[in-house]
Structure formats: structure tokens, C-alpha cells
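The primary structure of each chain is shown beneath.
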Amino acid sequence: MSEAHRERVFAIFAEAIERAPSERAAWLDEACRGEPALRSEVDELLAFDAETRAPSLRLAPEREERASDAVPERVGRYTIDRVLGAGGMGLVYAAHDKSLGRTVALKLVRGGGDAVSRARLLREAQAMARIASPFVVPVYEVGLEGDDVFVAMEHVDGSTLSRWLDAEPRPQRAILERFIEAGRGLAAAHKAGVLHRDFKGSNVLVGSDGRARVLDFGLARGIDPDLRSRVGDASSATLDAKITAHGSLMGTPGYLSPEHFTGDFRAESDQWRYCAALYRALFGALPCEGETLASLRESVSRGPKQPPIERASEFDPVVVRAVMRGLSPDPASRWPSMDALVSELASSVAVSRDADPRAFRRQKQWALAIVGALGALNYAVQLARTGGRFDLRISLRSIAIAFFVLAVMCAAFRRTLLSTRHNRALLSAFALVLATMVVHRAYGVLRGLDVVDVLRIDALICLTVSAVSAIALERWLWGTVAIMASYLALSALGPLATQALFPAALLTSAALAVWNWRAPTLRELTRDDTDRTPSR
Amino acid sequence: MLQESVSRILEEVREGRADVARDLFPVVYRELKAIAQRRLSALPAGQTLQPTALVHEAFIALVDGSVSFRSRAHFFGAAAMAMRDILVDNARRKRALKRGGGERPVELDEAAVTAVVDADAVDVLALEDAMQKLRAAHPRQADVAMLRVYVGASEAEIAALHEVTERTVERDWRFAQAFLRRELAR
């Protein structure tokens, strides 16, 4: 049989298992039209796929499971139903609690070793049971059954966060919401004095209700008492042994915090791992990578990579900064607590009202449109009152109104408008021009100067301010500046004659700015204002 | 030094020298057997060894920290083949024993290997035949199946080793299972 045929068998099988059994036949009819051989082979494979009683193919059980360990029928007062999966350090079963008539997820950790490590394991599980948070899988009961420790937890119907992320592209807001929930779970754990130690997407469950819950707290640590002493010397062989014992280094180790290399694990290390997972979910890459343990260690101590520019520009700078800070190599420069980090992230979600990552741009455009409309209204009222004749007093009043509107807009849209350096530079230049005009025109009114002279000087002042500020502005704004500057140059020659051109110049340059108003570039996001980054 | 030479082989394989991969296999094979024997003598009767634990121990013994993560995929690939060979050789010998009658004392390494898995759960030789058919038709799915079946690697671990998503591994494994079951049922 041809290569192409075999590939199609797999492709159709893979698509068919994604569909509900009831829809499969109709879909297969369509997909295999005119190819009976293909259809019968896929049908055959699907029949064997469905056959749950087929002999287990697993010669080597996953490490949590031992060949000698048959599935127990009962543990405590729970009747074991089926295996849900292998998590943390033991198998997890779906079990039924008859007395309360509910299904629980029951994790069974086989023979926790000697009495000391069993006691430690029990303590950790009890600590986990103390965490009261809607974002942590609640523990119902912790107990001993012979040599085994069992933990009965809520049975969450859903998938893990990493699968949830893989399943389809998720909007930034949804990703942030899940991570904020998981972050609240971690924060609650830290308050209860429990470290997670192994935070990653596959240790977070997303229920069918959409809520994220953190799973598998610190349990992994309990099982291997001699690990701690071995980690003390962090030679790469020891670390290798340690990590391989936990099975996470078999592949690419994504989430080794700087403290993993020194063995000094603390709450900030949980924070680092959390940020690494969020970084990956947002930007699709890991913050630190290395081909070998030594180079990974170096990469981690250098700090996170800059996120890819084309991705980062889609994101709220507040989020990018928050994540980058959480990934600082020095634990002292990270966020003081998970709570602080999570509320920073939450403030971003509260602002972006839309699932669209471009919500910020839309908000800026709205802000400009409102300013433009109010400006035009203001100008129209002024024209109507003066009948086209220029009156310094009335113009003074309308400039004062414009100033006030600008201040109100800045307050209302402050997160959007003031979030980046060049937005702030632009607005201050604008405010400076208005303020200069107010002062200068007020001076003209008080001294009874000639209106035309005042307007001429106004135009020259504005021209100077525009020319100077153009140096500081981004290149793409130069077009806008050039339009305003040429209007101002004309206006300096004949102030009264060019009055009518003012709204035209204003609207054209504003339209150009709206057109060009892109999300701020990454360079600004990351280098921007150290002054605003809260420090400890 | 063994560790250095295995690490060097892994790096050379990674640089595209496929011929060196042959040198890797016997080292891994010997080491796995040696570890199985050592472990078994320390184990109370009736207990079994985990292949995963064996492979990990061999990994720590054979590979030093300077080896790139990508090279580890080659190591675990070789380990899966070594485990498979150990099991298949053992099953063949057992069958020959049954046929040949004569009461030969079971050698230590045979006992070690039998203890590794409950080899009665599935016919190792039939599984090997099915696996070869799978490899001929769908090599990628066969790679996943080898790591699942003989090393006990989880889907997440295989995804990391092969640098693909877990979803891909999950689909490959499901397909491989259906394929192998069909072959075993024939």
C-alpha cells in the first residue's frame, strides 16, 4: 500500500476520533467517498479503538503505577470506579463516596516509604486541605490505608490548562482570566504556608464551568526525603538525578526557576514558574531556554528573553511588564507576593472590555474621535458667536474649554492614553501648546495688543513647539506634525485669512494620527518608564 | 570513562552521524541488564521492577549533564529498543525452554528480566511482530508506541522529547493502540 494511503488512514482516523460516535458514520461517508478500501481500514481501526476490554498494551506501566499494584476495589469508604490518570506522584482514580453520594477524585500514593516520609506526605496533604480557595481543587479527606496515603478531592469535569490552551487559539483575555484564577489559587496556598513547587499548565484543571483550579500541591516533595540533602550540592549530575527522579527532565525542561539550581525553593520560585507558564501561553515560547543544563542555568540567570515583537505588541504593556518582572533572576526583584502580581494582571483584564487584544487601539481611536468631535463643536460655537470675526476673549474661553476636555479625557482613558511613553509625550506637548496659547492670549487681552499680532506670535510659538516635539516623536507621526506645521507657517503670514484652514488642518492631522495609531512597539513596552514600575 | 563516551556518542548522533547510533545501543543494553540484576538482588521476593526506573537509572549512569536535551531523545529511543530486545530475547528463551523440555537452571539475568514486567499480561513476541508492522506502515506512531510500551514514558514526556504537542502524541498513541490491537487480534 502506498505511503499516501497510509498517511490518509492516520489522518482520517485522527479526525474521526475527535467526533462524537453518533456523527462519525456520516462524516466518514463524506470523507471516504469513493474509497471503500480506505473506509474499511479506518472502520476496523476505530472498532479496535473503541474496544475497551482489549488487552492492555502497556508492558511498562507509567512510573506512578507499579506492576504489582492492581487497582484496589475500595479505599477507605470510597469505591474505586476507574483510573482517571497519573498525576503528581500517584495514580488518580474516579471513586464513589457512598455516604455522601458523590464522585470524588482519589489520589493514592503507594507505600510512602518509611514512617518519616509517610508522615511528611500526610502533613503536606493536610496543608493542602487547609487551602480554602475556589481556585484550588478542594481536598475532602486525607487518610492512611495501610501503607498508602490517599487524598480524596473534588472530581473536576474538564481538562488541564495546557490541553485547554492547545485545543484552539484562545483570546488573550480568556488566557489571562484562567491564569488570574490559577494565580489566586497559588496566592491562597502561599497564605496557608504551602508552596506548590511544580506549577505548570498540566497541574491546573479547567472545569466545564470554565473556572481554573490548581492541583497537586507540593506533594512531589514529600516522597523523597533524601532528595533535599542531595540537592544541597547543585552540581549538574546531582540536579540531573534529582530532576530525572521526578521525570521532568526526560524532555525539555521548561520551567526551572533560578532557585531550582541552588535548591533554595521559596514562594518567589512558584511565582517564577507561574510567570514562565503565562509567558509561554501568551507568546508561544519559553522565557529561558538552553540546550544543556549548564546553558539553561546561564539563560535563567540572565533573565527572560524579550517576547517576540510581533506577539508582544498585541498585548497590554501592563501584562508584559508584570510577567517580565515575575521572571527576574533575583527573587527580590520579583513581585512581593502572588497577590500583588495577580492584582496587576487583573487590572489589565478589567480595562480591556473586549476579548479582542486590539481593544486598546480601539479605545484610543474612540478617545481621539471624542476629542475631535468636541473640538469641532467648540469651534462651531465660537464661530457662531463671533460671526466669523476673531475675538480674543471668546477664543481664550474656547481654548480653556479645550484644555478642560483634554484633562477629563486623560483622566477617563488614563490607562490607555498614559500607558506608554510616547502617548504621554504627545499629550504633554498638546497640553503645553494649549497652556502657552492661554497665557499668551490672556497677556494680549490684558495689554490690549493687536489681535493679528497676537495670532501671529501664537502661530510662531506653536510652530516652534511642533518642530521641537517632532524630534522626540516617532517617525510615523511626522506626517501629522508636517501638516500642522505648514498650517501654522501660513497662519503666521496671514492669521485672519487662514483661520478657516484651521479645522481642516486639525481634522487631517488627527485622521492621519488615528490611521497610524498602532499598538506601541515592544521597545517601549520593556524599556519604558522604570519610574512607573513599582519597586520594593 | 563510560559516561563521557556515551555523551559523546549522543552529541555525534545529534550532529547527524547516524552511523554512531549503532555504538550506543549495546552500551545501553548492557547497562539496563546490569541495573536490573543489581536491583533485583536487593528486592524482596514477589516485587517487580519498573522499566521506567531502570531506564532513568541507566540514563543517570550513562549520560552526564553536558548532553543537550535534544540528544536525550536519542538516548530514550535507544533505551526503548534495548528494553524491547531484553524482553523479546527473554520470551524467546522461555519458549525454547518449554519446547526443549530439559530443566535448565534459570540464569540470573533471565530472572531479572522476567521480574521487570508481568510478561504474561501480553504476548511479548506477538506484540513485537505487531510493532514491526506498525513501524513499517507508520514510523512516527511506532516511535511513540515504543516509548509508551517499553519505557513507560508519559505522553507529556514524549511530547517534550520529540518537540511536538501533547495532542499530537495523544493522537499518535491512540492510533498506534488501535493498530497494535488489530494486529494482535489477527
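No experiment lies behind these values; they were computed from the predicted model shown.

Attention shifts here to the overall build of chain A. A count of helical and extended segments in chain A gives 22 helices and nine strands. Out of the 536 residues in chain A, the part that is buried amounts to 48%. Counted over contacts in chain A with a minimum sequence separation of 6, partners at least 24 positions apart contribute 62%. Put simply, chain A shows about 25,400 Å² of open surface, and 58% of that area lies on carbon and sulfur atoms.

Right, let's get into the overall build of chain B. When helices and strands are counted, chain B shows nine helices and zero strands. Starting at the N terminus, the α and β elements of chain B follow one another as α-α-α-α-α-α-α-α-α. Evaluated residue by residue, chain B yields a buried proportion of 54% over its 186 residues. A separation of at least 24 residues holds for 66% of the contacts in chain B among residues at least 6 apart in sequence. Of the roughly 8,400 Å² of accessible surface on chain B, a fraction of 51% belongs to carbon and sulfur atoms.

Another aspect to go through is the sheet that holds strand S8 (residues 204-207) of chain A. Remark on secondary structure: sheet strands pair via backbone hydrogen bonds, oriented parallel or antiparallel. Residue and element names in this part refer to chain A. One open sheet holds the three strands; their spatial order is S7-S8-S9, and the pairing between them is antiparallel. The sheet is open, and its two edges are formed by strand S7 (158-160) and strand S9 (212-214), each paired on a single side. Strand after strand, the sheet turns through a mean of 30° between neighbouring axes, direction not considered. With three bridges joining them, S7 and S8 adopt antiparallel strand pairing. Bridge assignment links Gly 158 to a residue of S8, and that residue is Gly 207. Contacts from helix H6 (residues 172-191) reach S8 and S9 within the one sheet, and its direction differs from that of S9 by about 30°.

Right, let's talk about helix H7 (residues 139-151) of chain B for a bit. Spacing of three or four residues puts side chains on the same side of an α-helix, whose turn is 3.6 residues. Its 13 residues give H7 of chain B an end-to-end C-alpha distance of 17 Å, which sits within 8% of 18 Å, the value for a rise of 1.5 Å per residue. With 10 of its 13 residues buried, H7 of chain B lies for the most part within the structure.

Relative to the elements of secondary structure, Ser 269 of chain A occurs in helix H10 (residues 267-283). Setting aside chain neighbours within four positions, we find Ser 269 of chain A in contact with Ser 257, Glu 259, Asp 264 and Arg 334 of chain A.

Take unusual backbone geometry next. The backbone of Glu 163 of chain B sits at a positive phi, close to 55°, despite the residue not being glycine. Among the residues examined, Glu 163 of chain B registers a relative accessible area of 48% and is labelled partly exposed.

Here the focus is the packing of aromatic side chains. In the structure shown here, the tally under the stated rule is eight aromatic pairs over all chains. With a centroid separation of 5.1 Å and an interplanar angle of 90°, the aromatic rings of Phe 10 of chain A and Phe 175 of chain B are classed as edge-to-face. Of the two residues, Phe 10 of chain A sits in helix H1 (residues 3-16) while Phe 175 of chain B sits in helix H9 (residues 166-185), which places them in two different chains. The pair formed by Phe 10 of chain A and Phe 175 of chain B is uniform in burial state, with each residue classed as buried. Here Tyr 78 of chain A and Phe 150 of chain A contribute two aromatic rings whose centre-to-centre distance is 6.1 Å and whose plane-to-plane angle is 70°, an arrangement assigned as edge-to-face. Of this pair, Tyr 78 of chain A sits in strand S2 (residues 78-87) while Phe 150 of chain A sits in strand S6 (residues 148-154), placing them 72 residues apart in sequence. The two residues Tyr 78 of chain A and Phe 150 of chain A agree in class, both being buried. Positioned above the aromatic ring of Trp 164 of chain A is the side chain of Arg 170 of chain A, whose terminal nitrogen or guanidinium carbon lies 4.2 Å from the ring centre. Between Arg 325 of chain A and the ring centre of Trp 335 of chain A, over which it is positioned, the NZ or CZ distance is 4.3 Å.

The next point concerns the packing of helix H6 (residues 124-137) of chain B against H7 of chain B. For any two helices packed against each other, one specifies the crossing angle of their axes together with the interaxial distance. Residues and elements named next belong to chain B. Running from amino to carboxyl end, H6 crosses H7 at an angle of 150°, the nearest separation of the two axes being 6 Å. The pairing of H6 with H7 is recorded here as roughly antiparallel in orientation. Note on element contacts: H7 touches H6 through Pro 139, Gln 141, Ala 142, Asp 143, Ala 145, Met 146, Val 149 and Tyr 150, opposite Leu 127, Glu 128, Met 131, Leu 134, Arg 135 and Ala 137. For the contact of H6 with H7, a count of residues per class yields 10 nonpolar, one polar and three charged.

Residues and elements named next belong to chain A. Across the eight residues of strand S4 (residues 102-109), six count as buried, placing the element largely inside the fold. Across six bridges, the pairing between S4 and S6 is antiparallel. Across the sheet, Lys 107 pairs through a bridge with Val 151, a residue of S6.

Turning to the environment of Ala 25 of chain A, a few remarks are in order. Mapped onto the elements of the fold, Ala 25 of chain A is located in helix H2 (residues 21-31). Measuring from C-alpha to C-alpha, the distance between Ala 25 of chain A and Asp 43 of chain A comes to 9.2 Å, with 18 residues separating the pair along the chain.

Before going further, it helps to spend a moment on the pairing of S8 of chain A. Taking every second residue as pointing to the same face, both faces of S8 of chain A are buried, with Val 204 and Val 206 of chain A on one and Leu 205 and Gly 207 of chain A on the other. Between S8 of chain A and S9 of chain A, which pair antiparallel one after the other, the connecting turn spans four residues, and Gly 210 of chain A there sits at a positive phi close to 90°.

Another aspect to go through is the packing of H1 of chain A against helix H3 (residues 36-50) of chain A. Residues and elements named next belong to chain A. At their nearest, the axes of H1 and H3 sit 10 Å apart, and the two run at 50° to each other. In terms of their interaxial angle, H1 and H3 are classed as oblique. For the element pair H1 and H3, the recorded crossing hand is right-handed. Contacts between H1 and H3 involve His 5, Arg 8, Val 9, Ile 12, Phe 13 and Ala 16 from the former and Leu 38, Glu 41, Val 42, Leu 45, Leu 46 and Asp 49 from the latter. In terms of residue class, the contact of H1 with H3 is made up of eight nonpolar, one polar and three charged.

The next thing to look at is the confidence of the model for chain A. Residues and elements named next belong to chain A. Looking at chain A, pLDDT values average 74 and 73% of them are 70 or higher. Here helix H8 (residues 225-231) stands out as the element of chain A with the lowest mean pLDDT, 34, in contrast to S9, whose mean of 92 is the highest. Low pLDDT, under 50, characterises residues 58-69; the predicted model gives this stretch 43 contacts beyond four residues in sequence or across chains. A low-confidence stretch, residues 518-536 stays under pLDDT 50, and its non-local contacts, those more than four residues away or across chains, total 44 contacts.

Moving on to the environment of Thr 508 of chain A. Within the element layout of this structure, Thr 508 of chain A appears in helix H21 (residues 501-516). Its relative accessible area of 42% is what places Thr 508 of chain A among the partly exposed residues.

A few words now on the pattern of salt bridges. Residue and element names in this part refer to chain A. Using the criterion set out here, one finds 30 salt bridges over all chains in the structure. The closest approach of N and O atoms between Glu 3 and Arg 6, which form a salt bridge, is 3.8 Å. Note that Glu 3 and Arg 6 are positioned in helix H1 at a spacing of three residues, about one turn of the helix. The class for Arg 6 is partly exposed, based on a relative accessible area of 21%.

The rules behind these values
Residues numbered from 1 in each chain as written. Chains lettered and ligands numbered in written order. Predicted model: local features only at pLDDT ≥ 70, side-chain atom pairs only at ≥ 80, totals over all residues. Heavy atoms only, no water. Helix = DSSP H or I, 4+ residues; strand = E, 2+ residues; numbered from the N terminus. Buried < 20%, exposed > 50% of the residue type's maximum accessible area, 1.4 Å probe, protein only. Contact = heavy atoms within 4.5 Å. Areas by Shrake-Rupley, 256 points an atom, 1.4 Å probe, with all protein chains shown as cover. Pairing = 2+ DSSP bridges. Axes fitted to C-alpha atoms, helices over the stretch in contact; angles between N-to-C directions. Expected span 1.5 Å × (residues − 1). Phe/Tyr/Trp six-rings, centres within 6.5 Å; stacked < 30°, edge-to-face > 60°. Lys NZ or Arg CZ within 6 Å of the ring centre and 35° of its normal. Parallel < 35°, antiparallel > 145°, perpendicular 65-115°, else oblique. Nonpolar A, V, L, I, M, F, W, Y, C, P; charged D, E, K, R; others polar. Left-handed = near helix turned anticlockwise from the far one by under 90°. pLDDT = per-residue confidence, 0-100. Salt bridge = Lys/Arg side-chain N within 4 Å of Asp/Glu carboxyl O.

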